[in-house]
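Examining the three-dimensional arrangement
Letter by letter, the chains look like this.
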Amino acid sequence: MTTPSPLPGHPHIAYRDDALCIESLPLADLAREHGTPLYVYSKASMLSALAAYQRGFAGRKVQICYAMKANSSLAVLQLFAQKGCGFDIVSGGELQRVLAAGGDPRKIIFSGVGKTRAEMREALATGIGCFNVESESELDVLSEVAVAMGTRAPISIRVNPNVDPKTHPYISTGLKGNKFGVAHERTLQAYQHAASLPGLQVVGIDFHIGSQITDDTPYLDATDRLLDLVQAIEGAGIPLHHLDFGGGLGINYNGDTPPEADALWAKLLAKLDARGYGDRQFMIEPGRSLVGNAGVCLTEVLYVKPGEQKNFCIVDAAMNDLPRPAMYQAFHAIVPLQAGGNAAAQEQIYDVVGPVCESGDWIGRDRALAVQPGDQLAVLSAGAYCSAMGSNYNTRARPAEVLVDGSASHLIRSRETVTDLFRCEQLVKA
Ligand code: PLP
C-alpha cells in the first residue's frame, strides 16, 4: 500500500492506492452501497475541529454552541451534544432537532431576527439558556410573552458592531446595512430598556459579524467594540454574566488560509486578558469551521457534452443538493474518486453542472477533469451549508447521508423518495 496523501486542508480525506478514502473507507465503496448523490462526513474531522477550539479555551470558562444551521443532521447534533456542546439555533424547528438529538436545553442560545411568539413560547417552555435578541421591538415582545407565561426570559443583545468581516456580502452580518443585531450606538439604550422590562433577565451580550472569515482583524476590532460596550453597560449598573463572540471562522475551500481556531483564540484571549475580562464566562457559536471540511458530496458523471465555448460535465448532483455555488458563486474543489481520473479519458476543461433546469445550476466552473460517463467525483468542503441548504426543486429527492468513523460507516439519513415529497399535498376533490 502507498502512503496516503491527505488532500490539502482535509486531513481525513486521502488517496490510498489511488482510491479516495475518508478515514479508512474508500468513497467508491460508499457510493456503490448507497448510490449518488451522497453526502459523507468524517467523525474524526469534526472532532479534531472541535478539539482545536477546546485547546484554544483550555483553562477558561467557555460554552461552545455549535451553530447547527451549518449542518443540522440529527447524528451530527448527537455527536456534538455528546462532546458537551450547546447549540446556536435560529428556529423552533432547530430547537426540536436539538431535543431529538439529545441536546441539553440549558445550553441552547436562540439567535435570529424574526422569532415568532410561538417560537418564543416553545423555547421558554423548554428552558433554553439564552435568547440572543436582535432588535428593540423583539425585547418588548419577548418580555410580554414571558410575563404571560409567568417567567423571565434570559437575554443577550446581539450587537451590530459595524465591522467589515471582508467576506462575501451575503454572509456579512455585522455591517450597518445588514439586518442583524442592534446598532452599537444604540446598544446601551437597548440594555437599559431590557433591564426595565418585567419579563426579561439580562445575562449576556453577543456579536456575530459574518461567515467564512479568513482574517483575524475583524474579530479583534469587533471584540474591542464589544468590550467598550460591556464597560458602558456594566457602568450603568447592568451586570453581564457572559460574553458571546459568535461564529464565523472560515475554512480552506480554495487555498484559503484562515487562522486555526486555537491560534485565533490565543489572540482574542490576550486582548480579553489585557482588558481585564479574561475570567468571564465565554460563549462561541462556530458552525462552518466545525463541519465544513468534514464532508464531501459524491456524484456520478451522467454525460460529457463538448461545446464550442464550453465543455459540460453533467453530474447527478445539482443546485438543489448543493446550493452554495449557485447562491454565492462559491468554490468547491472537485476531485475524482480514482486518483488522476479516468485513464481512458483525455483531460478537458469542464463546467461541472447538474440536471436542474436553470443555467445557474453549476457545481464548479472551468475544472480540469479526465472523465467519462459513469465515473464518480467528490465535491469537497461539503459538510457545511450544503445538505442543510438543500431543497426539493425540480421534485428531486434529497441525497442520503453517511457518517464515517474509522472503518465503520453509519447511514444517518436515508435517501428521500419521491412519495416523501408528495406527502403533504392533496388533489382538489371534484
Ligand atoms: N451565529 C450566528 C448568529 C449566525 O448567524 C451564524 C451563521 O450565519 C453562525 C453563528 C455560524 O457561523 P459560521 O458557520 O460561519 O461559523
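Here the residue numbering is sequential within each chain, running from 1 through the sequence in written order. Per-residue local features of the predicted model are confined to residues with pLDDT of at least 70, and side-chain atom pairs are confined, for both listing and counting, to 80 or more; whole-chain, interface and lining totals are unaffected and use all residues. Side-chain metrics rest on all non-hydrogen atoms present in the structure, leaving aside hydrogens and water.

Looking at the overall build of the protein chain
To keep things clear, this is the line we draw: For helices the rule is a DSSP run of H or I covering at least 4 residues; for strands it is a run of E covering at least 2, with both sets numbered from the N terminus onward. The rule is simple: take the accessible area with a 1.4 Å probe, protein chains only, and divide by the maximum for that residue type; under 20% is buried, over 50% is exposed, in between is partly exposed. Note on definitions: a residue-residue contact is assigned when non-hydrogen atoms from the two residues lie within 4.5 Å.
The helix and strand tally for the protein chain stands at twelve helices and 22 strands. Projecting the C-alpha coordinates of the protein chain onto the three principal axes gives extents of approximately 75 × 65 × 45 Å. With 430 residues in all, the protein chain has 54% of them scored as buried. For the protein chain, the share of sequence-separated contacts (at least 6 apart) that also reach a separation of at least 24 residues comes to 68%.

Description of the packing of aromatic side chains
Cut-off, in case you're wondering: Ring pairs shown here join Phe, Tyr and Trp side chains whose ring centres sit within 6.5 Å, with only the six-membered ring taken for Trp; geometry is labelled stacked below 30 degrees between planes, edge-to-face above 60, and tilted in between. To sit over a ring, a charge needs its Lys NZ or Arg CZ within 6 Å of the ring centre and within 35 degrees of the ring normal.
Applying the stated criterion to the full structure yields nine aromatic pairs. Each ring, one from phenylalanine 57 and one from tryptophan 265, has its centre 4.5 Å from the other, and the planes form 40°; the classification is tilted. Of this pair, phenylalanine 57 sits in the loop between helix 2 (43–56) and strand 6 (61–67) while tryptophan 265 sits in helix 9 (residues 261–274); the two residues are 208 residues apart in sequence, bridging distant segments of the chain. The exposure class of phenylalanine 57 is buried, given its relative accessible area of 3%. On the accessibility criterion, tryptophan 265 (3% relative accessible area) is buried. Aromatic side chains phenylalanine 57 and phenylalanine 282 sit 6.5 Å apart centroid to centroid with 45° between the ring planes, which places their arrangement in the tilted category. Of this pair, phenylalanine 57 sits in the loop between helix 2 and strand 6 while phenylalanine 282 sits in strand 14 (residues 281–284); the two residues are 225 residues apart in sequence, bridging distant segments of the chain. One aromatic cluster in this structure is built from Phe57, Phe207, Phe245, Trp265 and Phe282. When the ring centre of phenylalanine 110 is taken as origin, the NZ or CZ atom of lysine 115, which lies over that ring, is 5.6 Å away.

Concerning unusual backbone geometry
Each neighbour pair has its own omega, and for threonine 36 with proline 37 the value is -10°, a cis peptide bond. Notably, asparagine 162 is not glycine yet its phi reads approximately 55°, a positive angle. Turning to its location among the elements, asparagine 162 is positioned in the loop between strand 10 (153–160) and strand 11 (182–183). The partly exposed category is assigned to asparagine 162, whose relative accessible area is 28%. Even without being a glycine, threonine 395 presents a positive backbone phi close to 50°. Note on placement: threonine 395 falls in the loop between strand 20 (376–379) and strand 21 (400–405). For threonine 395, a relative accessible area of 46% puts it in the partly exposed group.

What to know about the domain arrangement of the protein chain
Keep this limit in mind: An automatic or database domain assignment supplies the residue ranges for each domain. Note: buried area is the sum, over both parts, of the accessible area (probe 1.4 Å) each one loses when the two are combined. Just to be clear on terms, a salt bridge is a Lys or Arg side-chain nitrogen sitting within 4 Å of an Asp or Glu carboxyl oxygen. Within 3.5 Å is the distance limit for a polar contact, defined as a pair of N or O atoms, with the added protein rule that one can donate a hydrogen and the other accept it, and that residues adjacent in sequence qualify only through two side-chain atoms. Residue type decides the class: Asp, Glu, Lys and Arg count as charged, Ala, Val, Leu, Ile, Met, Phe, Trp, Tyr, Cys and Pro as nonpolar, and the leftover types, Gly among them, as polar.
Examined at the domain level, the protein chain breaks down into domain 1 (5–42 + 292–421) and domain 2 (111–286). Distance from the C-alpha centre of domain 1 to the C-alpha centre of domain 2: 35 Å. Contacts between the two partners involve 14 residues from domain 1 and, on the opposite side, eight residues from domain 2. Taking both partners together, domain 1 and domain 2 bury about 840 Å²; carbon and sulfur atoms supply 55% of that area. On inspection of domain 1 and its partner domain 2, the count reaches zero salt bridges. Seen at the junction of domain 1 and domain 2, the total is one residue pair in polar contact (both at pLDDT 80 or more). In terms of residues, the side of domain 1 that touches domain 2 owes the most to one element, helix 11 (residues 324–328), which gives three residues. Grouping the constituent residues of the side of domain 1 that touches domain 2 by class yields six nonpolar, seven polar and one charged.

Describing the pairing of strand 18 (residues 348–353)
Here is the rule: Only when DSSP finds a minimum of two bridges between them are two strands counted as paired.
Where strand 16 (residues 311–315) lies against strand 18, four bridges are found, and the strand directions are parallel. Counterpart to isoleucine 314 in the pairing with strand 18 is valine 353. Sheet topology places strand 18 next to strand 19 (residues 362–369); five bridges connect them, and they run antiparallel. Bridge pairing in strand 19 places valine 353 opposite tryptophan 362.

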